[in-house]
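Working through the structure, step by step
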Amino acid sequence: MDKNTATGFVLIFLLMLGWFYFTMPSEEELAQQQQEQALQDSLAQIEQNQQDSLNQLDEAEAEEQERRDPVISEDVDEVPEVRGLFANSPVSEQKKIEVATPLYTVTFTNRGAGPSSFLLNEYDTWDGRPVQLIDDTTRSAYNIGFLSTENYNVETQNILFRQVTQGNSINISSGEQREVRYELELEDGRELIITYLLNGNNYEIDADVQFAGLQDYVVGGDIDFGWTAPLNFTEKDPTQDALETAAYVYAGGELEKFKLTEPGRNETTINGNIDWVATKTKFFTQLIKPLSQTDAALLTGEVTGAIDNQNTDHRYTSSIRTNFDDQGEASFRLYLGPLKYREVTKVDDHAYDMVDLGWSWLRWFSDPFVRWMVIPFFEFMSRFTANYGIIIIVFASLVKLVLSPLTYKSYKSMAAMGELQPQMKEIQEKYKDNPQKQQKATMDLYRKNKVNPLGGCLPNLLQFPILITLWRYFQNSIQIRQEEFLWAGDLSAPDYILNLPFEIPFLGDQIAGFVLLMTAAMMVQSKLTGGMSGGGGSSPMAGQMKVLQYIFPVMLLFIFNNFASGLSLYYLIFNVLSIIQQFFIKRSLHGDKDGKEVAKA
C-alpha cells in the first residue's frame, strides 16, 4: 500500500469521526426528541384506540349480517367471470381438504384445484409462528392458463372443481403416499383432471394434468403451468428477506435470476427447453420442474415501494409453457419448502444454485467449497452436537489448521522484513533525493537476503476466497437459521447487544456483540503483526501504516456489524487462533535467532 492510499484511509476515518461528532445530538436535543416521540406515541395510541373501536363495530355488524343471512360464506366469494365451455362447471361451493405429513400441513381448495395454504411443521417465523409459504390463501397457488378455440383466456384459478378425494382431512405417515384428485366435468363427457401425489418423506409433490377429450379445445396444445402466489417473508428484518426475494429459471445449463431493482412491474420470457423455474425468499422456495418437453418460461415481478420499506410488497411468479401429449397429459414435479441442500438437490442438482454464495466470478471456488466441504462438515458435526455455535468454532479451528503452513510462511516473511529495517532505513537516507536509486537499492537488498516483499501478503490473499464465500453462506444458510449460541438468538442474523440513542452512518443504531470482540481481537493481532515486521522503522510512511493497522479493524466493525453473527463468530475464533499462533511463531523465530548468535560467539 503506497503513501497516498494510506493517507486517504486516514482522511476518510477522520471525516467519519468529524461527522459523528457534529451530527451527534446534545442532551437538550435528545430530551426534546424524547418529548416529541412521547407526544407522537400518545397520538398514535389515541388513533389506534379509535380504529379498534371502529373495527369492533364493523365486526359486530358483520356478525349480525351473517346471523340474518347464513348462506353468505367463503364458498361464494366473488369469482372472476369464466366464459365459454368452462363457464358450465356444475360446482358452486368451495371445498377444502387438509393433508398433514410429518414435514408440512397443506390445505387444498377446489377453487383452482390446488394448495391454498402450506405450513412447514419444522420451521417457524422469527416470532414463533409456523412458516406459511403462501400469501394468498383464497384460491390455488398454482394456475393452468391457455387460450381456448373460442378465443377466451382460461385461468383455472377462477374455476371451481369437484373434489374427487373423499373427506376433509388426510394424514400421511413417513413412507406413505396419497393422492388428492380434482375433476372439472364439462359437456359431452369432457374433463379436466388434476391429480397431486404427496409423499410423507419429503417436500416434493407430483402433479399430473389431463385434458380428457379437450385436446382440440386448447389452441396449439400449449398450456402455462405456474405459481402465482407471493411467498411470505419469515425473518425479523424484512429488508434482508426482500434483498434475496426473486424469480429464477434454469435452462441450457445456466441459472438466470429475475429481480426488480426499483418499484414497478416487469416480466421476462425465456424461450426453449426449460429445466425448472422457481421463486424464493431468503430461506424458502417453490420450484416447478416439468417432466415433459417445454417451449418457454415466464417470470413476472412486481414491487410496490422501496426495498427497505417493510410495507413494500414483493410479488414474483414463475410459469412454464408446455405441450400435453397425445393423451392430453402433462406432468410436473413440485417442491415447496426450505432451501436445504439435501432436499432441493433431490429435485434438481442445480436447485441449490439459487442460494447466494458470493460473487459470480468466484463461484468456481465457492460452489464446490460449500457443497463438498462446509455442508458435509456441518452435517457430520451435527451428529455429535446440536449447538451450531460450537460447530462454527470447530470449523474455524480446522480451517486455521489447514491454512497454518501459509500463515507460518507469511509471518516468517514479515519477520525477515523486520530484520532488514535498519538497512532499508540507511538506503532511504542515502538516496532520499533519488527515488529510482532508492528503489533499485531496496530491491537489491531483497534479492541479496532472499526476501520476497510480497511474501507476507500473498498467503493472506489466498484466504480471501474462503472468507468471501463464508460471508455469503452464513447469511443465507438455513442450516444455522434460528440456531442460538450464547447471547446470539439467530446465527444467520446480527447479534445486537447495544442500542444507541442515535444512528451512526453506515453502522446504524445498534452494535453486535461478536463484531465488537472480533474488532478487539483484530487490534491485538495487528499489534503483534506490527511487532513481527519490526514496526517499519521511524519513517513517516511507517507511522501512517501503524495508524492504519488500527483503523482497519474499526472499518471492519462498520462492515460486519449488520452481517450474520455466525460469520462474526467464525472470524473472531479465526483471529484468536491467529494471535496464539503468532505468539508462538514469534517466540520460535526469536529463539532461532538467539541460538545462531550464541553459536557464532
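Residues numbered from 1 in each chain as written. Predicted model: local features only at pLDDT ≥ 70, side-chain atom pairs only at ≥ 80, totals over all residues. Heavy atoms only, no water.

What follows is about the packing of aromatic side chains. Using the criterion set out here, one finds 32 aromatic pairs in the structure. A centroid spacing of 4.2 Å and a plane angle of 10° characterise the contact between F225 and F332, whose relative ring orientation is stacked. Of this pair, F225 sits in strand β12 (residues 222-227) while F332 sits in strand β20 (residues 329-338), and the two are 107 residues apart along the sequence. Assessed through its relative accessible area of 2%, F225 is described here as buried. (Phe/Tyr/Trp six-rings, centres within 6.5 Å; stacked < 30°, edge-to-face > 60°. Helix = DSSP H or I, 4+ residues; strand = E, 2+ residues; numbered from the N terminus. Buried < 20%, exposed > 50% of the residue type's maximum accessible area, 1.4 Å probe, protein only.)

On to the environment of N158. Following the sequence through the fold, N158 ends up in the loop between β6 (153-155) and β7 (162-163). Its relative accessible area of 17% is what places N158 among the buried residues. At 3.3 Å, the side chain of N158 and the side chain of R139 are in polar contact. (Polar contact = N/O pair within 3.5 Å; in protein donor to acceptor, adjacent residues only side chain to side chain.)

To continue, consider the sheet that holds strand β4 (residues 130-132). Pairing within the open sheet is mixed, and its five strands lie in the order β4-β3-β2-β1-β8. Each end of this open sheet is capped by a strand with a single partner; those strands are β4 and β8 (169-171). For this sheet, the mean angle separating the axes of adjacent strands, direction not counted, is 20°. (Pairing = 2+ DSSP bridges. Axes fitted to C-alpha atoms, helices over the stretch in contact; angles between N-to-C directions.)

Taken in spatial order, the six strands of this open sheet run β6-β5-β12-β19-β18-β15, and their pairing is antiparallel. Of all the strands in the sheet, just β6 and β15 (264-271) have a single pairing partner and so form its edges. Taking each pair of neighbouring strands and ignoring which way they run, the sheet shows an average axis angle of 20°. Pairing of β15 with strand β18 (residues 294-303) involves eight bridges; the strand directions are antiparallel. Paired with N271 across the two strands is A296, which belongs to β18.

Of note, T285 is situated in strand β17 (residues 284-290). On the basis of relative accessible area, T285 is assigned to the buried category, the value being 1%. Not counting chain neighbours up to four residues away, the residues in contact with T285 comprise L133, L231, A278, T279, K280, Y335, L336, G337, L339, V344 and M354. (Contact = heavy atoms within 4.5 Å.)

With that settled, the discussion passes to the pairing of strand β11 (residues 204-212). Judged from the eight bridges that link them, strand β10 (residues 191-199) and β11 form a sheet pairing that is antiparallel. Of the residues in β11, the one forming a bridge with T195 is D208. The loop that links β10 with its antiparallel partner β11 comprises four residues. Pairing of β11 with β20, which is carried by seven bridges, proceeds in the antiparallel orientation. If you follow D206 over to β20, its bridge partner there is R333.

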